[in-house]
Amino acid sequence: MNDVSKDDAVMATLLTRFEKFRLPHALEIKEKVDAGETLTEHELTHLEDVLMDSEKIKAMIDKRPELHDLYAKAVSLYHEITSKALENAKASGPES
């Protein structure tokens, strides 16, 4: 498999994972933090994983202008989630 085909296959897999798993989970978490709730350890780990993955795929995204908007919207969504989660954690006071 040449590099272009390999990159296409990797990107297709990443997009499928985003559509079927990451985005629905992100929207569930966003709903939760928008309701003022704090995040579980599992949700925090998920967000950390997404952040690390987004850094890893940035170079591939940079080569694909058609994906720039989607990437920016996804990053914005995760930024909204983490900002609101931090706000909620601060409002809930010190952890017990």
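Treat the numbers as computed from the prediction; the structure is a model and nothing was measured. (Residues numbered from 1 in each chain as written. Predicted model: local features only at pLDDT ≥ 70, side-chain atom pairs only at ≥ 80, totals over all residues. Heavy atoms only, no water.)

1. Considerations on the side chain of His46
Examined against the element boundaries, His46 turns out to sit in helix 2 (residues 41–62). Discounting residues that sit within four places of it in the chain, His46 has contacts with Arg22, His25, Ile29 and Tyr78. (Helix = DSSP H or I, 4+ residues; strand = E, 2+ residues; numbered from the N terminus. Contact = heavy atoms within 4.5 Å.)

2. Looking at the pattern of salt bridges
Should their charged atoms come close, side chains of opposite charge can pair. Under the definition given, this model contains 10 salt bridges. Put simply, Glu80 and Lys30 hold a salt bridge, and the shortest N to O gap is 3.6 Å. Of this pair, Glu80 sits in helix 3 (residues 68–91) while Lys30 sits in helix 1 (residues 3–34), and the two are 50 residues apart along the sequence. Among the charged side chains, a salt-bridge network with shared partners connects Asp8, Arg64 and Glu66. (Salt bridge = Lys/Arg side-chain N within 4 Å of Asp/Glu carboxyl O.)

3. Side note on helix 3
Spanning 24 residues, helix 3 covers 34 Å between terminal C-alpha atoms, matching the ideal 34 Å at 1.5 Å per step. Residues of helix 3 that are buried include every one of Tyr71, Ala74, Leu77, Tyr78, Ile81, Ala85 and Asn88, and no others. Two residues or fewer after helix 3 comes Gly93, characterised by a positive phi angle close to 85 degrees. (Expected span 1.5 Å × (residues − 1). Buried < 20%, exposed > 50% of the residue type's maximum accessible area, 1.4 Å probe, protein only.)

4. Side note on the nonpolar core
Formed by Phe18, Ala26, Ile29, Val33, Leu39, Leu47, Val50, Ala74, Leu77, Tyr78, Ile81 and Ala85, the largest nonpolar core amounts to 12 residues. Elements with a contribution of two residues or more to this core: helix 1, helix 2 and helix 3. In this structure Leu39 touches Ile29, Lys32, Val33, Leu44, Leu47 and Ala85, once residues within four positions along its chain are discounted. Listed in part, the 7 residues of the second largest apolar core include Leu14, Met60, Leu67 and Tyr71. (Core = buried A, V, L, I, M, F, W, Y, C linked by side-chain atoms within 4.5 Å.)

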